Amino acid sequence: MHTPFRQARLLVQAGRAAQRRFLSLHEYQSVQLLNSYGIPTPKSIAAKTPEEAYSVAKNFGTDELVIKAQVLAGGRGKGKFDNGFQGGVHVVSSSGQVKEYASKMIGSKLITKQTGSAGRICNAVMLAERRDPAHEYYVAVLNDRVTQGPVLVTSNQGGMNIEEVAAKDPNAIITTPIDFDKGLDPAVGLDVSKRLGFKGETAQREAADIFASLYKLFREKDATQIEINPMAETADGHVLCMDAKLGFDDNAEFRQQDIFSLRDISQEEPSEVEAQKANLNFIKLDGTIGCLVNGAGLAMATMDVLSLHGGNPANFLDVGGGATPETVKKAFEILLSDPKVKSIFINIFGGIMRCDYIAEGVIKATKELGLSIPLVVRLKGTKEVEAKE
């Protein structure tokens with residue numbers, strides 16, 4: 001049985017995990033998707049060159065704008081570009097200032113608490129009209145393991161790190177189960193908006209309508225997370241989604257091709273992109289021991305054992321049960337592309353996976369790739385004898 005504190009933290013952490021594990025969209029793409037569902041946002045336009053940003057600003061209709069670096073990472077406002085420019089979010093007041101800031105952002109790497117020291121390239125900026133909120137709220141639609149269904153997670157403490165809010169004041173998090181087939185009942189949505197403290201009937205109705213539309217988007221587009229932080233009640237009594245983070249289930253790519261066509265691989269680790277093409281489950285780490293293992297559980301245990309004995313894994317790599325000699329060779333190519341890798345440890349427990357396939361792939365890789373670093377191999381299970389021959 002989860003306490004309110006633990007449940008609040010688990011829900012928030014589930015959202016963060018979804019964002020890391022599945023397809024994420026840039027903010028300007030998320031805004032366009034929200035607008036297609038009738039969800040109101042500040043007027044926003046993306047630009048991919050300083051000149052385009054200047055033109056957009058000149059014809060925007062107002063000089064009171066915000067310029068945001070389009071990088072898939074949190075903490076953009078407090079980030080720093082590799083050229084020394086501070087901050088990925090700025091308030092601007094002229095088209096000239098927009099061009100100046102855009103030239104410092106586009107083409108440079110933004111380093112935040114989530115990107116690591118390498119940073120991520122900024123290929124576009126988004127210009128948004130400046131709307132000053134009277135109050136900020138947090139809203140998310142997530143899958144919840146406790147209720148085994150979708151939930152609406154809300155708080156009247158938006159515009160800040162929601163995990164900190166959940167830790168300090170779990171009662172500030174309102175969790176509302178949603179009927180998967182019927183969606184969010186309008187009366188329930190209105191009740192949530194009232195509990196959050198939206199002022200006036202107009203704002204309460206608008207908030208309730210947004211809750212319902214967010215769930216519709218969540219279900220129809222196979223999302224794993226929709227996070228609006230903040231949702232704002234403006235001084236004139238209307239409700240806007242000021243910032244959005246959307247994540248989508250990779251398993252639904254076959255029926256959500258319009259969404260997955262928006263994927264920006266420049267925001268991803270190149271070795272992980274290559275691994276995905278070869279159907280390898282690969283995550284790059286900072287160590288020096290390359291790992292090639294079959295099965296996620298064994299891969300995790302292998303990394304733990306290496307760490308326990310003073311080693312430092314360079315990666316998580318699960319070749320799966322259907323690996324071929326060619327797949328193993330590709331895995332070696334990915335491991336050896338990392339200059340930090342000083343040795344490779346192969347740990348195979350052959351069930352579905354045939355050890356002789358692994359051995360064949362290892363021999364092929366060492367010959368064709370000119371392996372010059374230490375290699376330790378453990379093969380146990382199906383076709384073990386043939387593999388050792």
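Our structure's up above, just so we're on the same page.
(A) Highlighting the packing of aromatic side chains. Evaluated as defined, the whole model comprises four aromatic pairs. With 4.0 Å between their ring centres and 20° between their planes, Tyr-137 and Phe-198 make a pair best called stacked. Placement of the pair is Tyr-137 in strand β9 (residues 133-144) and Phe-198 in the loop between α6 (186-196) and α7 (201-220), with a sequence separation of 61 residues. For the pair shown, Tyr-137 and Phe-198 are each scored as buried. These aromatic residues form a ring-pair network of at least three members: Phe-81, Phe-85 and Tyr-101. One cation-aromatic arrangement involves Lys-43 over Phe-60; the distance from NZ or CZ to the ring centre is 4.6 Å.

(B) Geometry of the sheet that holds strand β2 (residues 44-47). The strand order across the open sheet formed by four strands is β2-β8-β3-β5, and the pairing between neighbours is antiparallel. If you trace the sheet from one side to the other, it starts and ends with β2 and β5 (89-92), each paired once. Direction aside, the axes of adjacent strands within the sheet are offset by 25° on average. Taken together, the four bridges between strand β3 (residues 65-69) and β5 define a ladder with antiparallel strand orientation. Residue Lys-68 lies in a different strand from β5, and its bridge partner there is Val-89. Contacts between helix α3 (residues 50-58) and the sheet are confined to β2, β3 and β8 (125-129), with β2 contributing the most and set at about 155° to the helix.

(C) Examining the packing of helix α11 (residues 325-336) against helix α12 (residues 355-369) more closely. One can describe the packing of α11 onto α12 by two numbers: an axis separation of 8 Å at closest approach and a directional angle of 50°. On the basis of the axis angle, α11 is oblique to α12. Along this stretch, α11 crosses α12, giving a crossing that reads as right-handed. Together, Pro-325, Glu-326, Val-328, Lys-329, Phe-332, Glu-333 and Leu-336 of α11 and Tyr-357, Ile-358, Glu-360, Gly-361, Val-362, Lys-364, Ala-365, Glu-368 and Leu-369 of α12 make up the contact between the two elements. Split into classes, the residues belonging to the contact of α11 with α12 amount to nine nonpolar, one polar and six charged.

(D) Spatial organisation of the sheet that holds strand β6 (residues 109-111). Reading across from one edge, β4-β6-β7 is the order of the three strands in this open sheet, with antiparallel pairing throughout. At either margin of the open sheet sits one strand with a lone partner, and together these are β4 (80-81) and β7 (120-121). In this sheet, β6 lies alongside β4 in antiparallel orientation, the contact comprising two bridges. Counted as the bridge partner of Phe-81 is Leu-110 from β6.

Parameters and conventions
Residues numbered from 1 in each chain as written. Predicted model: local features only at pLDDT ≥ 70, side-chain atom pairs only at ≥ 80, totals over all residues. Heavy atoms only, no water. Phe/Tyr/Trp six-rings, centres within 6.5 Å; stacked < 30°, edge-to-face > 60°. Helix = DSSP H or I, 4+ residues; strand = E, 2+ residues; numbered from the N terminus. Buried < 20%, exposed > 50% of the residue type's maximum accessible area, 1.4 Å probe, protein only. Lys NZ or Arg CZ within 6 Å of the ring centre and 35° of its normal. Pairing = 2+ DSSP bridges. Axes fitted to C-alpha atoms, helices over the stretch in contact; angles between N-to-C directions. Contact = heavy atoms within 4.5 Å. Parallel < 35°, antiparallel > 145°, perpendicular 65-115°, else oblique. Left-handed = near helix turned anticlockwise from the far one by under 90°. Nonpolar A, V, L, I, M, F, W, Y, C, P; charged D, E, K, R; others polar.

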